[in-house]
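# Understanding the architecture of this molecule
Here is what each chain is made of, one letter per residue.
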Amino acid sequence: GEALEGIVLTIAAKVSATGQLYGSVNAATVADELAKKGFEIDRKQIVMKDIKTVGNFVATVIFHKEVKVEVPVTVCAEGAEAPVEEAPVAEAPAAESAE
């Protein structure tokens, strides 16, 4: 349990324009992310509500009745690391010469 102290998971998920996830982030998703970091934890040991929006959440990993570790989970939109919004380019009006 001490090995998980200080671990923060960031999960990129497909998100609609309103910020709702397509599907949800659940205990199985958290278990997969922990496995990528070298922690083999059964999804049945992870207690959390299914996450359906982007934001910061907490998953609790229960190793034993008395050993629980809270793991922060941050859910962000896929590709949100570099959001590219194309703004319409306003053309500068041509300066008309007053003759």
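Nothing here was measured: the structure is a model prediction, and the numbers come from that model.

### Observations concerning the overall build of the protein chain
Along the backbone of the protein chain there are one helix and six strands. Listed by position from the N terminus, the elements making up the protein chain come as β-β-α-β-β-β-β. With 99 residues in all, the protein chain has 27% of them scored as buried. For the protein chain, restricting intrachain contacts to residue pairs at least 6 apart in sequence, the fraction spanning at least 24 positions comes to 47%. Of the accessible surface of the protein chain, which amounts to about 7,400 Å², a share of 51% is contributed by carbon and sulfur atoms.

### Re helix α1 (residues 27-36)
Among the residues of α1, those classed as buried are Ala27, Val30, Ala31, Glu33 and Leu34. Summarising the axial view, the buried residues of α1 lie within an arc of 165°, below the 170-degree limit, and thus occupy one face. If you follow the buried residues of α1, they end up packed against β1 (9-13), β3 (46-47), β5 (55-64) and β6 (67-77). Its side-chain oxygen 3.2 Å from the backbone nitrogen of Ala28, Asn26 forms the N-cap of α1. Gly38, located one to two residues past α1, shows a positive phi value of around 95°.

### A few points about the environment of Val71
In this fold, Val71 is placed in strand β6. On the basis of relative accessibility, which here comes to 0%, the residue Val71 falls in the buried class. Sequence separation between Val71 and Val58 is 13 residues, and the spatial gap between their C-alpha atoms is 5.6 Å. Dropping the residues within four chain positions of it, Val71 is found in contact with Leu4, Ile7, Leu9, Phe57, Val58, Ala59 and Val61.

Criteria and thresholds
Residue positions are given per chain, counting from 1 as you read along its sequence in written order. Side-chain atom pairs in this predicted model are given and counted only at pLDDT of 80 or more, local residue features only at pLDDT of at least 70, and totals for whole chains, interfaces and linings cover all residues. The side-chain figures draw on all heavy atoms in the structure; neither hydrogens nor water molecules are used. Counting from the N terminus, the helices are DSSP H or I runs at least four residues long and the strands are E runs at least two residues long. For every residue, the accessible area obtained with a 1.4 Å probe (protein chains only) is divided by the maximum for its type, and the residue is called buried under 20%, exposed over 50%, and partly exposed between those limits. Only heavy atoms matter for contacts: two residues are in contact if any of them lie within 4.5 Å across the pair. Using a 1.4 Å probe, the Shrake-Rupley method yields the accessible areas, and only the shown protein chains count as cover for residues. This arc is built from the directions going out from the helix axis to the C-beta atoms. Counting of polar contacts relies on pairs of N or O atoms within 3.5 Å, with two restrictions inside protein: one atom must be capable of donating a hydrogen and the other of accepting it, and residues adjacent in sequence are counted only when both atoms are side-chain atoms.

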